[in-house]
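# A closer look at the structure
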Amino acid sequence: MASSTLALSIPESMQTAGFLGYLLRRRNYVALTAALVTLMFVSAAVFAPLLFDWESATRVSLGTALLPPSLSHPLGTDELGRDMLIRIVWGARITLVVAVVSVIIAMSVGIIIGCLCGYHENWLTNATMRFMDFMIAFPRTLLAIIVVTILGSGVLSLTLAIGLSTIPANARLFRGPILALKRRQFALAAKALGATDASILFSHILPNTMSLIIIQGTLLLADAILIGSGLSFLGLGPQPPIPEWGAMIAAARAHVTSHPHVIFAPGLALFVVILAFNLVGDALRDYVDPRSRKAL
């Protein structure tokens, strides 16, 4: 029904071109640059197999170890003679897979818990939210470390660790809007017309949180990349020779003074990508905020 479209809904022009056009109209070149960097990161991750073969990222060549940047090796080589550019590109693929899958897990489960606990108010949902509050108070990185320790190091365990440690915050975040939306006239009208609770929740209420889902998902990607790289830095992520930015930084610590390019390349890639995702998330928040759009 028409009355169920709220300010929280995604604007009709909420498309990639519309968002980029919004950034141009606002002359927000910082966010526009961040969006282009994000697009480059995703493209490199998706097309990594077409750009470089896997053996080039893992092949050991001690005769070319620790070479400085040059035309043949734009970012130099690491302590085992592997091309840093190739490993950065393949590392982007692994980083993106871990981040996207973990965010999907965290958002899916968190939204379901938040919706059910927000729409149904009883002792069970209240107890569930108290447990979520307890998990939020528990250090998130420590929780992820516990999960990885139980499951063992690897891409799958790293992904599950990040996803499971992020669920409580998402459940708390989405419960509030559901509590507010279920008391709006369109939800009450649907209930009066005989709609089931599931229909009201997933057909009328949840679509009105779509902008929040998109923004939160974008910001969580940056968090997932940071946490994943941090765990890999501690040796709890994908094991060698799999290229992962955090593990590459950890392996390069011994050469930070003699060959700084070995740690500079993955460190800069990690910094730029996390910053870009955060800037894009902030710009998306402004884009869907009606008060910001009125300023155009």
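Residues numbered from 1 in each chain as written. Predicted model: local features only at pLDDT ≥ 70, side-chain atom pairs only at ≥ 80, totals over all residues. Heavy atoms only, no water.

### Regarding the pattern of salt bridges
By the definition in use, this model includes nine salt bridges. Asp133 serves as the salt-bridge partner of Arg172, at 2.7 Å between the closest nitrogen and oxygen. Of this pair, Arg172 sits in helix α8 (residues 155-181) while Asp133 sits in helix α6 (residues 123-137), and the two are 39 residues apart along the sequence. Its relative accessible area of 26% is what places Asp133 among the partly exposed residues. The salt bridge involving Lys191 is made with Asp197; its shortest N-O contact spans 3.3 Å. If you follow the salt bridges from partner to partner, you end up with Asp78, Arg82 and Arg87 in one network. (Salt bridge = Lys/Arg side-chain N within 4 Å of Asp/Glu carboxyl O. Helix = DSSP H or I, 4+ residues; strand = E, 2+ residues; numbered from the N terminus. Buried < 20%, exposed > 50% of the residue type's maximum accessible area, 1.4 Å probe, protein only.)

### A short note on the nonpolar core
Across soluble globular proteins, you tend to see nonpolar side chains buried next to one another. Formed by 48 residues in total, the largest nonpolar core has its most connected members in Phe41, Ile205, Ile225 and Trp245. In terms of residue count, the dominant contributor to this core is helix α5 (residues 84-119) (12 residues). Residue contacts for Ile205: discarding those within four places in its chain leaves Tyr119, Ile178, Leu181, Lys182, Phe186, Ala187 and Ile200. Core analysis: the next-biggest nonpolar cluster, separate from the first, contains 15 residues, Ala34, Ala35, Ile215 and Ala276 among them. (Core = buried A, V, L, I, M, F, W, Y, C linked by side-chain atoms within 4.5 Å. Contact = heavy atoms within 4.5 Å.)

### Topic: the packing of α5 against helix α10 (residues 197-205)
Here α5 crosses α10 at 120°, and the two axes come no closer than 11 Å. The orientation of α5 relative to α10 falls into the category oblique. Remark: the crossing between α5 and α10 carries right-handed chirality. Facing Cys115, Leu116 and Tyr119 of α5, the residues of α10 in contact are Asp197, Ile200, Leu201 and Ile205. Classifying every residue of the contact of α5 with α10 by side-chain character gives six nonpolar, no polar and one charged. (Axes fitted to C-alpha atoms, helices over the stretch in contact; angles between N-to-C directions. Parallel < 35°, antiparallel > 145°, perpendicular 65-115°, else oblique. Left-handed = near helix turned anticlockwise from the far one by under 90°. Nonpolar A, V, L, I, M, F, W, Y, C, P; charged D, E, K, R; others polar.)

### Description of helix α9 (residues 185-192)
Taken as a whole, α9 has its buried residues at Phe186, Ala187 and Ala190. Seen end-on, α9 carries its buried residues on one side only, within an arc spanning 100°. Along α9, the residues that are exposed and aim more than 90 degrees away from the buried face are Gln185 and Ala192. Of the residues flanking the end of α9, it is Gly194, one or two places downstream, whose phi is positive at about 100°. (Arc of directions from axis to C-beta.)

### Description of the packing of α5 against helix α11 (residues 210-233)
Packing of α5 against α11 leaves a shortest axis separation of 9 Å and a crossing angle of 135°. What the angle tells us is that α5 and α11 run oblique. Relative to α11, the crossing made by α5 is right-handed. For the pair α5 and α11, contact is made by Thr95, Ala99, Val100, Ser102, Val103, Met107 and Ile111 and by Ile213, Gln216, Gly217, Leu220, Leu221, Ala224 and Ile225, respectively. Looking at the contact of α5 with α11 residue by residue, the class counts come to 10 nonpolar, four polar and no charged.

### Let's talk about the confidence of the model for the protein chain
Of the residues in the protein chain, 92% have a pLDDT of 70 or more, and the chain-wide mean is 87. Across the protein chain, α5 holds the top mean pLDDT of 95, while helix α14 (residues 290-294) sits lowest at 51. Every residue in residues 1-16 is under pLDDT 50, and counting partners more than four places away or in other chains gives 28 contacts. (pLDDT = per-residue confidence, 0-100.)

### Some thoughts on the packing of aromatic side chains
The description of two aromatic rings rests on the distance between their centres and on the angle between their planes. Under the defined criterion, the tally for this structure stands at five aromatic pairs. A centroid spacing of 5.0 Å and a plane angle of 80° characterise the contact between Trp54 and Trp90, whose relative ring orientation is edge-to-face. Of this pair, Trp54 sits in helix α4 (residues 54-58) while Trp90 is found in helix α5, placing the two residues 36 residues apart along the sequence. Residues Phe134 and Phe138 carry aromatic rings whose centres are separated by 6.5 Å and whose planes lie at 40° to one another, so their mutual orientation is tilted. Site record: aromatic cluster; members linked through ring pairs are Phe41, Trp245 and Phe277. (Phe/Tyr/Trp six-rings, centres within 6.5 Å; stacked < 30°, edge-to-face > 60°.)

### Points about a nonpolar patch on the surface
On the surface, a cluster of nonpolar side chains totalling about 470 Å² of accessible area is made up of Phe264, Leu268, Phe271, Val272 and Leu275. Within the fold, Phe264 resides in helix α13 (residues 261-288). (Patch = residues over 30% accessible without salt bridge, like charges linked within 9 Å, V, L, I, M, F, W, Y side chains within 5 Å. Areas by Shrake-Rupley, 256 points an atom, 1.4 Å probe, with all protein chains shown as cover.)

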